[in-house]
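Summary of the model geometry
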Amino acid sequence: MVAYPKILLVEDDEDDVFMTKGYLDDSFGKSYFFEHASNVPDALNRANECAYDVFLVDYRLGADNGIDFVRSINQDLKLMVPVILLTGQNDREIDIRAMEAGATDYLVKQNIDAHSLERAIRYSIKQKQSEEHIQFLAYHDALTSLPNRALLLDRLKSTLARFTRNQHHSALLFLDLDNFKTINDSLGHSVGDSLLIEVTRRLNGATREEDSIFRLGGDEFIILLPEISEISEETAIRAQRVAERIMKSINHPIIVGKEPLHIGTSIGITLFAGSDTATPDTILKHADTAMYEAKAAGKNTARFFQHEMESTVKSKLALENELRKAISENQFELLYQPQVCVNTGKMIGAEALVRWIHPENGMISPVLFIPSAEQSGLIHSLGEIVFRTACKELPNFKDIPRISVNISAKQFHAPDFVKKIECILNECDASPENLELELTESAMLADIEDTAVKMKKFRDMGFTFALDDFGTGYSSLTYLKKLPFDVLKIDRSFITDIIESPEHAGIATAVIALGKALNLSIVGEGVETADHLQFLKNEGANSAQGYYISRPISATDLIAWHNQRVAC
Ligand SMILES: Nc1nc2c(ncn2[C@@H]2O[C@@H]3COP(=O)(O)O[C@H]4[C@@H](O)[C@H](n5cnc6c(=O)[nH]c(N)nc65)O[C@@H]4COP(=O)(O)O[C@H]3[C@H]2O)c(=O)[nH]1
């Protein structure tokens, strides 16, 4: 119960005012505030201006009646204040109408005494507090106490409704924290919770009082900058500034326990105004789309929504859905591209390259779907399919020294990757002796410690390793020396124009020398001409792969190709 309840009595009969005030004095002594209005308009004005704890309202008020007041309080002013209706007669119908309009209680004047009035006031206030609490829970996030999605949609609706009266532009910022999932999964949910609370604090610090912050759930937050300016450019500038301030503030390490944690945030921004036909849902969707663009642009950046983004996102989602279906129906096949010794022409191995055999569109190149598989996380299931297929086909390649399989960075760093590979080997009764795992520089650099630990485990099992696309990333010699690679593959882009570009020829020569110094076997990729092959031979590379030797071919063709070479 509130210590000093503030009570407004709406009553036009002076005697009744006197009597009610007497009861209140008896009940609360000096511990309450009292005000009186004698008609509905005056009472509504006061209700609008002052925070009362309870209204006591007479049913008959001249031309108006108390039920109109109850309705205005609940439906128009939307005040969470209890209203007790006082009537001269005990009328069941008035009682029901009062309740339907939102009155918390109904008292018959003849039956009122100090005790019953005080009790009704106490109960009504308590009931409203409980309703208010339930409403708070329904509209707020329990962890951060920020308003939630339901309240955001409500707020957007009223912002849009106000646009009929003014032409100001507003902005909505959609934030998704970068790196949060990794921290939450690896350090536990209580660390994740502390992090979200600190982010909320920083968002409060980076915004103004008139801006509203919402939490949609997980690591997604919304900032609404309402009615900024009539000029859209000004609105955009202000939204960009707020986004920059937020990114800067979140970029500072967050200390949880003793650990400084580093996170960032990707922000999608959309502007909307009175002339728009936008709905709350579309505004939210536009900001979400822009946020995905910000993520794709390398995280910790902000992007404004543009209508072209919609079609990009739609086709991305369509591809992702088709890919999901393709994985469940296993619409994939492996082709193999032979690798040969530059000196003898003997086959030393083959690289497995996945193809999607789409039921309507035919064969689809991995260049078109591997990035989507990586972004959506489907690469884990796709990678399993590829590795399982290679293991199943392995017994047919008895005379081929090694089959190499591409492993993407995400797949390699998954915590259960080693276990999954072991399971597939067991399931297919395959031995890793002639299997090679191809990693790219980016896979290795994503987490050097994890790379080193896992590579050791795989080597102990009998796998060998190739470093793919060498020269395109940031491989440092230190890493190359530390990590147990067997093969270095020179990226196709360097081989393609070794003849025309002395610079690329120089890089290829340097990579070959480096690989030799480190005792690695060197494979040149993308060998398309006799000149390319001759160059690799001259520079001392070990083997070559490319269209000049063979295009990627099916497992059956690979065996035939190999047999023909052996026979020559
Ligand atoms: N212009 C030209 N191209 C040549 C020549 N020789 C080979 N290629 C192509 O170069 C790519 C070599 O594979 P990569 O560098 O590992 O590059 C691969 C690899 O990064 C990825 N990929 C393919 N299969 C898988 C897979 O099973 N898992 C994962 N994670 N990635 C895969 O997709 C990339 C592209 O694969 P593909 O389209 O099969 O393209 C293959 C191959 O068909 C040539 O002489 N000239």
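The rules behind each value
- Residues numbered from 1 in each chain as written.
- Predicted model: local features only at pLDDT ≥ 70, side-chain atom pairs only at ≥ 80, totals over all residues.
- Heavy atoms only, no water.
- Helix = DSSP H or I, 4+ residues; strand = E, 2+ residues; numbered from the N terminus.
- Contact = heavy atoms within 4.5 Å.
- Areas by Shrake-Rupley, 256 points an atom, 1.4 Å probe, with all protein chains shown as cover.
- Buried < 20%, exposed > 50% of the residue type's maximum accessible area, 1.4 Å probe, protein only.
- Arc of directions from axis to C-beta.
- UniProt positions renumbered as here; feature names shortened; annotations may be inferred.
- Axes fitted to C-alpha atoms, helices over the stretch in contact; angles between N-to-C directions.
- Parallel < 35°, antiparallel > 145°, perpendicular 65-115°, else oblique.
- Nonpolar A, V, L, I, M, F, W, Y, C, P; charged D, E, K, R; others polar.
- Pairing = 2+ DSSP bridges.

Turning next to the overall build of the protein. Looking only at helices and strands, the protein has 22 helices and 23 strands in total. If you take every contact in the protein between residues at least 6 apart in sequence, the share linking residues at least 24 apart comes to 68%. Carbon and sulfur atoms provide 51% of the accessible area of the protein, an area that totals close to 28100 Å².

Turning our attention to helix H7 (residues 180–187). Every buried residue of H7 is accounted for by Phe180, Ile183 and Asn184. The arc that holds every buried residue of H7, seen down its axis, measures 95°, which confines them to one face. In H7, the exposed residues that point more than 90 degrees away from the buried face are Lys181, Asp185 and Ser186. Residues of H7 that are buried in the fold lie against strand S8 (169–178), helix H8 (189–206) and strand S12 (259–261). Gly188, located one to two residues past H7, shows a positive phi value of around 100°.

The UniProt record marks Asp58 with the feature "modified residue: 4-aspartylphosphate" (unreviewed entry), using the residue numbering of this structure. Relative to the helices and strands, Asp58 resides in strand S3 (residues 54–58). Among the residues examined, Asp58 registers a relative accessible area of 5% and is labelled buried. Those residues within four positions of Asp58 in sequence are excluded, and the remaining contacts are Val10, Glu11, Asp12, Gly66, Leu85, Leu86 and Lys109.

Before going further, it helps to spend a moment on the packing of helix H1 (residues 14–28) against helix H5 (residues 114–139). Viewed as axis vectors pointing N to C, H1 and H5 meet at an angle of 75°, and their least axial separation amounts to 8 Å. Relative to H5, the element H1 lies roughly perpendicular. Of the residues in H5, those touching H1 at Thr20, Tyr23, Leu24, Asp26, Ser27 and Phe28 are Ala114, Leu117, Glu118 and Ile121. Looking at the contact of H1 with H5, its residues break down into 6 nonpolar, 2 polar and 2 charged.

Our focus in this paragraph is the sheet that holds strand S13 (residues 264–272). Taken together, 5 strands build an open sheet; the order of strands is S9-S10-S8-S13-S14 and the sheet is mixed. Looking at strand neighbours, the two that pair on one side only are strand S9 (212–217) and strand S14 (302–304), the edges of this open sheet. Taking each pair of neighbouring strands and ignoring which way they run, the sheet shows an average axis angle of 20°. Examined bridge by bridge, S8 and strand S10 (residues 220–229) share 7 bridges and lie antiparallel to one another. Looking across to S10, one finds that Asp176 is bridged to Glu220. H8 contacts S8, S9 and S10 of the sheet and is inclined by roughly 10° relative to S10. Taken strand by strand, helix H10 (residues 280–296) contacts S8, S10, S13 and S14, and its axis lies near 140° from that of S13.

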